[in-house]
Amino acid sequence: QVQLVESGGGLVQAGGSLRLSCAASGRTFSRNAMGWFRQAPGKGREFVAAIRWTGGNTYYADSVKGRFTISRDNAKNTVNLRMNDLRPEDTAVYYCAAGSWGVAASNYDYWGQGTQVTVSS
């Protein structure tokens, strides 16, 4: 119903920046919001940021607030995550998701395959 493909991950030095992109296809607006989550080895899937397709309301985890910016381009069906001032603790696989809204992974029922972000110290 909704297919999501992440891109833009890679290896970056601490203090550097990366931009992740999520290309959405299918019934894009069958869900209210898009979110970014991340999962580091041995840890659960952690909420990062979310944005509503309509209105563009955003919400950020405290750990990334002021450093990361989520945005969307409705015409292109894409969602981006600009990550600035990256820290080693940001190292994780980052997942794009489509869902209803909120910070819980269970609120999202469509997921991309993930893109690796590695921040060296």
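Position numbers for residues count from 1 along each chain, tracking the sequence in the order it is written. Note on the predicted model: pLDDT of at least 70 is required for a residue's local features to be given, and 80 or more for side-chain atom pairs to be given and counted; whole-chain, interface and lining totals, by contrast, use all residues. The side-chain quantities take in all heavy atoms of the structure and omit both hydrogens and water.

## Topic: the sheet that holds strand S7 (residues 68–73)
Turning to step 1, where the next piece is worked out: Each pair of strands is called paired provided DSSP finds at least two bridges between the two strands. Strands here mean DSSP runs of E at least two residues long; helices mean DSSP runs of H or I at least four residues long; both are numbered from the N terminus. The strand order across the open sheet built from four strands is S1-S3-S8-S7, with neighbouring strands paired in antiparallel fashion. On the outer flanks of this sheet lie strand S1 (2–7) and S7, each paired with one strand and no other. For this sheet, the mean inter-axis angle between neighbouring strands, taken without regard to orientation, is 15°.
Turning to step 2, where the next piece is worked out: Of the strand pairs in this sheet, S7 and strand S8 (residues 78–83) are connected by six bridges, and their pairing is antiparallel. Axes, fitted as lines to C-alpha atoms, cover a helix only where it is in contact. Angles between the N-to-C directions of the axes lie from 0 to 180 degrees.

## Observations regarding the pattern of salt bridges
Should their charged atoms come close, side chains of opposite charge can pair.
Turning to step 1, where the next piece is worked out: By definition here, a salt bridge exists when the distance from a side-chain nitrogen of Lys or Arg to a carboxyl oxygen of Asp or Glu is within 4 Å. Summed over the entire model, instances satisfying the criterion amount to five salt bridges.
Turning to step 2, where the next piece is worked out: Of the charged contacts, one joins Arg-31 and Asp-109 as a salt bridge, the two residues approaching to 2.8 Å between their closest N and O atoms. Of this pair, Arg-31 sits in the loop between strand S3 (18–26) and strand S4 (33–39) while Asp-109 sits in strand S10 (residues 108–111), and the two are 78 residues apart along the sequence.
Turning to step 3, where the next piece is worked out: Exposure is judged per residue with a 1.4 Å probe applied to protein chains only, and the accessible area is read against the type maximum: over 50% gives exposed, under 20% gives buried, and values in between give partly exposed. A relative accessible area of 23% means that Arg-31 is categorised as partly exposed.
Turning to step 4, where the next piece is worked out: Look at Asp-109 and you get partly exposed, because its relative accessible area is 44%.
Turning to step 5, where the next piece is worked out: A salt bridge links Asp-62 to Lys-65; the nearest nitrogen and oxygen atoms lie 3.5 Å apart.
Turning to step 6, where the next piece is worked out: Since its relative accessible area comes to 49%, Lys-65 is described here as partly exposed.

## Thoughts on the state of the cysteines
Turning to step 1, where the next piece is worked out: Cysteine sulfur atoms that come within 2.5 Å of each other are treated as a disulfide pair. Applying the stated rule across the entire model yields one disulfide.
Turning to step 2, where the next piece is worked out: Disulfide pairing is shown between Cys-22 and Cys-96; the S-S distance is 2.0 Å. Measuring handedness by torsion sign, the sulfur bridge of Cys-22 and Cys-96 sits at about -80° and is left-handed. One end of the pair, Cys-22, is in strand S3; the other, Cys-96, is in strand S9 (residues 92–99), with 74 residues separating them in the sequence.
Turning to step 3, where the next piece is worked out: Accessibility expressed as a relative area gives 1% for Cys-22, which makes it buried.

## Examining the packing of aromatic side chains
Turning to step 1, where the next piece is worked out: For Phe, Tyr and Trp, rings pair up if their centres lie within 6.5 Å, where Trp contributes its six-membered ring, and each pair is then called stacked (planes under 30 degrees apart), edge-to-face (over 60) or tilted (otherwise). Per the stated rule, a full pass over the model turns up six aromatic pairs.
Turning to step 2, where the next piece is worked out: Taking 6.5 Å as the distance between ring centres and 65° as the angle between the ring planes, the aromatic pair formed by Tyr-108 and Trp-111 counts as edge-to-face.
Turning to step 3, where the next piece is worked out: Assessed through its relative accessible area of 25%, Trp-111 is described here as partly exposed.
Turning to step 4, where the next piece is worked out: When the ring centre of Tyr-95 is taken as origin, the NZ or CZ atom of Arg-45, which lies over that ring, is 3.9 Å away.
Turning to step 5, where the next piece is worked out: The criterion for a charge sitting over a ring is simple: Lys NZ or Arg CZ within 6 Å of the ring centre, and within 35 degrees of the ring normal. If you follow Arg-52 out to its NZ or CZ, it ends over the ring of Trp-101, 4.3 Å from the centre.

## Let's talk about the nonpolar core
Turning to step 1, where the next piece is worked out: As used in this record, nonpolar core signifies buried Ala, Val, Leu, Ile, Met, Phe, Trp, Tyr and Cys residues forming a set joined through side-chain atoms within 4.5 Å. Counting residues in each nonpolar core, the largest one holds 35 residues, and the members touching the most others are Leu-4, Met-34, Trp-36, Leu-81, Met-83 and Tyr-94.
Turning to step 2, where the next piece is worked out: Residue contacts follow a heavy-atom distance rule, with two residues in contact if any of their heavy atoms lie within 4.5 Å. In contact with Leu-81, other than residues within four places in its own chain, are Leu-18, Arg-19, Leu-20, Trp-36, Val-48, Ala-49, Phe-68, Thr-69, Ile-70 and Tyr-94.

## Notes on unusual backbone geometry
Excluding glycine, residues mostly have negative phi values, and the peptide bonds linking residues are mostly trans.
Turning to step 1, where the next piece is worked out: Positive phi values are uncommon outside glycine, yet Asn-77 reaches one of about 55°.
Turning to step 2, where the next piece is worked out: Given the relative accessible area of 22%, Asn-77 is considered partly exposed.
Turning to step 3, where the next piece is worked out: Backbone geometry places Asp-85, a non-glycine residue, at a positive phi of 50°.
Turning to step 4, where the next piece is worked out: By the secondary structure assignment, Asp-85 is in the loop between S8 and S9.

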